[in-house]
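Coordinate inspection notes
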Amino acid sequence: MTVRRVVPNVRSEAMRESREFYGLLGFEEVMNQGWIMTLASTANPTAQISVLTHDETGPVVPDVSVEVDDVDAVYAAMCDRGAEIVHSLRDEEWGVRRFFVRDPNGRVINVLSHRR
């Protein structure tokens, strides 16, 4: 399994202010769905942060998003291990296949792959 990127998720009701703040750190908006905005480094596009008001289809705002090359294999491994699945594996309308799993520290991890 290959990890493609790891993106911290920040819950915020101040989307515009967050975009401006992180812009001062060298980030620019690369995606905005209204409820989630992803900002990427202008020098290193895989260095990203997502700002969310809520999660459109998930039960909670995940703490971290981990993009992998094979989300189905990771889901199967997590289920085999008995990990707590917080949001079942599904295809989302915005082009990702994902699930949420709780890590041993109680953090919710959004594990995803982009659909091709």
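All of these numbers come straight from a predicted model, not from anything done at the bench. (Residues numbered from 1 in each chain as written. Predicted model: local features only at pLDDT ≥ 70, side-chain atom pairs only at ≥ 80, totals over all residues. Heavy atoms only, no water.)

**Quick word on the UniProt feature "domain: VOC" (unreviewed entry) in the protein**
For clarity, the threshold we go by: UniProt positions are given in the numbering used here, feature names are shortened, and annotations may be inferred rather than shown by experiment. Strands here are runs of E lasting at least two residues and helices are runs of H or I lasting at least four, both read from the DSSP assignment and numbered beginning at the N terminus.
Feature annotation in UniProt places "domain: VOC" (unreviewed entry) on residues 2-114, given in this structure's numbering. Annotation note: span residues 2-114, helix share 18%, strand share 46%, distance between end C-alpha atoms 13 Å.

**Considering the packing of aromatic side chains**
Convention followed: The aromatic pairing rule takes the rings of Phe, Tyr and Trp, using the six-membered ring of Trp, and pairs them if the centres are within 6.5 Å, calling planes under 30 degrees apart stacked, those over 60 edge-to-face and the rest tilted. With a 1.4 Å probe rolled over the protein chains alone, any residue whose accessible area is under 20% of its type maximum counts as buried; one over 50% counts as exposed, and the rest are partly exposed.
If you walk through the whole model with that rule in mind, you get 4 aromatic pairs. Ring centres of Phe 21 and Tyr 22 lie 5.0 Å apart, and the angle between their planes is 90°; this geometry places the pair in the edge-to-face category. Residue classification places Phe 21 among the partly exposed positions, given a relative accessible area of 47%. Each ring, one from Trp 35 and one from Trp 94, has its centre 5.3 Å from the other, and the planes form 70°; the classification is edge-to-face. Taken together, the residues Trp 35 in the loop between β2 (27-32) and β3 (36-41) and Trp 94 in the loop between β6 (85-91) and β7 (96-102) connect sequence positions 59 residues apart. The exposure class assigned to Trp 94 is partly exposed, which follows from its relative accessible area of 24%.

**Describing helix α1 (residues 15-23)**
Let me state the cut-off plainly: The directions from the helix axis to the C-beta atoms form the arc being described. Here, two residues are considered to be in contact whenever any of their heavy atoms come within 4.5 Å of each other.
Met 15, Ser 18 and Tyr 22 are the residues of α1 that are buried. In an axial view of α1, the angular spread of the buried residues amounts to 60°, which keeps them on one side of the axis. Where the residues of α1 are buried, they touch β1 (3-11), β2, β3 and β4 (48-52).

**Some remarks on the pairing of strand β5 (residues 64-68)**
In plain terms, the rule: For two strands to be treated as a pair, DSSP must find at least two bridges joining them.
The buried fraction of β5 amounts to 4 of the 5 residues, a majority that puts the element mostly inside the structure. Note that β1 and β5 share 5 bridges and pair antiparallel. Of the residues in β5, the one forming a bridge with Val 6 is Val 66. Here 4 bridges tie β5 to strand β8 (residues 108-114), and the two strands are oriented parallel to one another. Counted as the bridge partner of Ser 65 is Asn 110 from β8.

**Remarks on the pattern of salt bridges**
Note the threshold: Criterion for a salt bridge: a side-chain nitrogen of Lys or Arg within 4 Å of a carboxyl oxygen of Asp or Glu.
Inspection of every chain in the model, using the stated rule, returns 10 salt bridges. Put simply, Arg 4 and Glu 67 hold a salt bridge, and the shortest N to O gap is 3.9 Å. In this pair, Arg 4 sits in strand β1 while Glu 67 sits in strand β5, placing the two residues 63 residues apart along the sequence. Classification of Glu 67 by relative accessible area gives buried; the value is 9%.

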